[in-house]
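Letter by letter, the chains look like this.
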Amino acid sequence: MHDAMGLLVLLLLPLAGVSGLPFYNGFYYSSSPVGNGHGEGLFNGVKLVVDTPQETLFSHQGANVTLPCRYHYAPALASPRPVRVKWWKLSENGAPEQDVLVAIGLRHRSFGDYQGRVRLRRDGEREASLEMQDLRLEDSGRYRCEVIDGLEDESGLVELELRGVVFPYQPPQGRYQLNFHEAQQACEEQGAAVASFEQLFRAWEEGLDWCNAGWLQDASVQYPIAQARRPCGGLGLAPGVRSYGSRHRRLHRYDVFCFAAALRGRVYYLEHPEKLTLAEAREACQEDGAQIATVGQLFAAWKFRGLDRCDAGWLADGSARYPVAHPRPNCGSLEPGVRSFGFPDPQSREYGVYCYRPR
Ligand SMILES: *[C@@H]1O[C@H](CO)[C@@H](O)[C@H](O)[C@H]1NC(C)=O
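Residues numbered from 1 in each chain as written. Predicted model: local features only at pLDDT ≥ 70, side-chain atom pairs only at ≥ 80, totals over all residues. Heavy atoms only, no water.

Within an unreviewed UniProt entry, the label attached to the chain reads Hyaluronan and proteoglycan link protein 3, and the organism entered is Equus asinus. Per UniProt, the comment on the chain under Sequence similarities (unreviewed entry) is "Belongs to the HAPLN family." (UniProt positions renumbered as here; feature names shortened; annotations may be inferred.)

Set out below in structure tokens:
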């Protein structure tokens, strides 16, 4: 496209004459382009430079965030030039590339899921930052900010990550029961989404170890091993995230890794005189002005609020668990984590309940 436009400008030059600048599509071009300059942002020795932060930006579900992007010319130009700004999200995890926003002057257009949630920041010159509202789990990823000034276009990358916690999930029927679509549904029911490889990898770096293979967002099946051992792929393999590769979304069955965002509300163990059946547990939370917590909420509270309680309680999916932030004797294993008792008989009265109250 650059070459075609360059050619077009060269063809227009004789018509524009030597005194004025050629005008095309809202952009002024230098009347004597220097070299081809593509990718280097050079015109007449002036360079277009786009700045984006090196570090990953962290935010959380429901928050508003600004993805910073500024541009300048080196050496500086005396008067501002009109530019076009384009933001898009890079393709990853099997999701296609997505247009986010295009802005020309004061006009802008946003696309798809981003409509009504994004706009360009306007408080400053050479500002191309993107303001995004009401963040969703799917918003994490890498975004490209492209500034187009006539023939030049330069871009920078912004990486956005939502704070959250990865947890393995098995349904009541047991191990390796979920095809990909059921895996997505299982995570949704836990207030979570299927984790991406990046999210699982970060969780592995933080110590996640799980000996059952689970689906990820790109329909690959993998499992994180912190310490090599015989039943989990053997001693010969180094610790790491091990992959079975891509699997058939409908025919193959595994567990799943879910990703739950950090919470705004509160998860707590309900102080109650007696142990409860599952049905009584649901009711008891409601009577307390809350809801029985999901597995995702319990993991998020454990990870981000340091929820620590040695009493097993019912959760919305019918499992019983308890969160340990500070391991100690007589309270499960010696690693922090959420312990599971699986899916006990719903009529049994051996457990309390964890409730969730949105703020
Ligand atoms: C995000 O911005 C919108 C519009 O400015 C505002 O109404 C909303 O309260 C903000 N949300 C948060 C979580 O700050």
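Anyway, onward from the coordinates.
Turning our attention to the side chain of Asp317. Assignment of secondary structure puts Asp317 in the loop between β23 (313-314) and β24 (320-324). At 2.5 Å, the side chain of Asp317 and the side chain of Tyr169 are in polar contact. A polar side-chain atom of Asp317 sits 2.7 Å from a polar atom in the side chain of Ser319. Aside from chain neighbours lying at most four places away, what touches Asp317 is Tyr169, Gln190, Val295 and Phe343. (Helix = DSSP H or I, 4+ residues; strand = E, 2+ residues; numbered from the N terminus. Polar contact = N/O pair within 3.5 Å; in protein donor to acceptor, adjacent residues only side chain to side chain. Contact = heavy atoms within 4.5 Å.)

Per the counting criterion, the structure on display carries 18 salt bridges. Measuring nitrogen to oxygen at the nearest pair gives 2.6 Å for the salt bridge that ties Arg349 to Glu280. Here Arg349 is found in the loop between β25 (337-340) and β26 (352-357), whereas its partner Glu280 is found in helix α4 (residues 278-287), with 69 residues between them in sequence. Relative accessible area serves as the criterion here: at 28%, Glu280 is assigned to the partly exposed category. (Salt bridge = Lys/Arg side-chain N within 4 Å of Asp/Glu carboxyl O. Buried < 20%, exposed > 50% of the residue type's maximum accessible area, 1.4 Å probe, protein only.)

Below, the discussion takes up the state of the cysteines. Following the criterion strictly, the structure yields four disulfides and no others. A sulfur-sulfur separation of 2.1 Å characterises the disulfide bridge that pairs Cys187 with Cys258. Sign of the S-S torsion, about -85° for the bond between Cys187 and Cys258, identifies this disulfide as left-handed. On the criterion of sequence distance, the pair formed by Cys187 in helix α2 (residues 180-189) and Cys258 in strand β20 (residues 255-261) is long-range, its members being 71 residues apart. (Disulfide = S-S within 2.5 Å.)

All right, on to the site of the ligand then. The ligand sits among Gly62, Asn64 and Gln133. At 2.3 Å from an oxygen atom of the ligand is found a side-chain nitrogen or oxygen belonging to Asn64. Contact with the protein chains removes 33% of the 360 Å² of surface that the ligand exposes when unbound. (Near = heavy atom within 4 Å. Areas by Shrake-Rupley, 256 points an atom, 1.4 Å probe, with all protein chains shown as cover.)

Turning next to the sheet that holds strand β12 (residues 130-132). As summarised here, the arrangement of the three strands in space is β6-β12-β11, forming an open sheet in which the pairing is antiparallel. Each edge of the open sheet carries a strand with a single partner, namely β6 (65-67) and β11 (118-120). Here the strands of the sheet are splayed against their neighbours by 25° on average, with no regard to which way each runs. (Pairing = 2+ DSSP bridges. Axes fitted to C-alpha atoms, helices over the stretch in contact; angles between N-to-C directions.)

Taken as a whole and judged by the stated rule, the model has 15 aromatic pairs. With centroids separated by 5.8 Å and ring planes inclined at 70°, the aromatic side chains of Tyr244 and Tyr254 adopt a geometry described as edge-to-face. You can see Tyr244 sitting in strand β19 (residues 240-246) and its partner Tyr254 sitting in the loop between β19 and β20, a full ten residues away along the chain. In this structure Tyr244 comes out as partly exposed when scored by relative accessible area, which is 35%. Above the ring of Trp88, the side-chain terminus of Lys86 is found at 5.0 Å from the ring centroid. The ring of Phe180 carries the charged tip of Arg249 above its face, separated from the ring centre by 4.8 Å. (Phe/Tyr/Trp six-rings, centres within 6.5 Å; stacked < 30°, edge-to-face > 60°. Lys NZ or Arg CZ within 6 Å of the ring centre and 35° of its normal.)

Buried residues of α4: Leu278, Ala281, Ala284 and Cys285, and no others. The buried residues of α4 all sit within an arc of 115° when viewed along its axis, so they share a single face. More than 90 degrees from the buried face of α4, the exposed residues found are Gln286 and Glu287. Residue Gly289 follows α4 closely and has a positive phi angle near 75°. (Arc of directions from axis to C-beta.)

The element β24 is extensively covered by neighbouring structure, given that five of its five residues are classed as buried. Burial of the side chains of β24 extends over both faces: Ala320, Tyr322 and Val324 are buried on one face and Arg321 and Pro323 on the other. The loop that links β23 with its antiparallel partner β24 comprises five residues; one of these, Gly318, has a positive phi angle of about 90°.

Attention now moves to helix α5 (residues 295-305). Burial of α5 is extensive: eight of the eleven residues sit out of reach of the surface. All of the buried residues in α5 are Val295, Gly296, Gln297, Leu298, Phe299, Ala300, Ala301 and Trp302.

Taken in spatial order, the six strands of this open sheet run β5-β14-β13-β8-β9-β10, and their pairing is mixed. Edge strands, defined here as strands with exactly one partner in the open sheet, are β5 (57-59) and β10 (107-110). Each strand axis lies, on average, 20° off the axis of its neighbour in the sheet, ignoring direction. Sheet topology note: the strand β13 (residues 141-149)/strand β14 (residues 152-162) ladder contains nine bridges and is antiparallel. In the strand pairing of β14, Gly141 is matched with Leu160.

Before going further, it helps to examine the confidence of the model for the chain. Overall, the predicted model of the chain reaches an average pLDDT of 85, with 87% of residues at or above 70. Here residues 1-40 is a poorly scored stretch, pLDDT under 50, and it has 47 contacts once near neighbours within four places are set aside; other chains count. (pLDDT = per-residue confidence, 0-100.)

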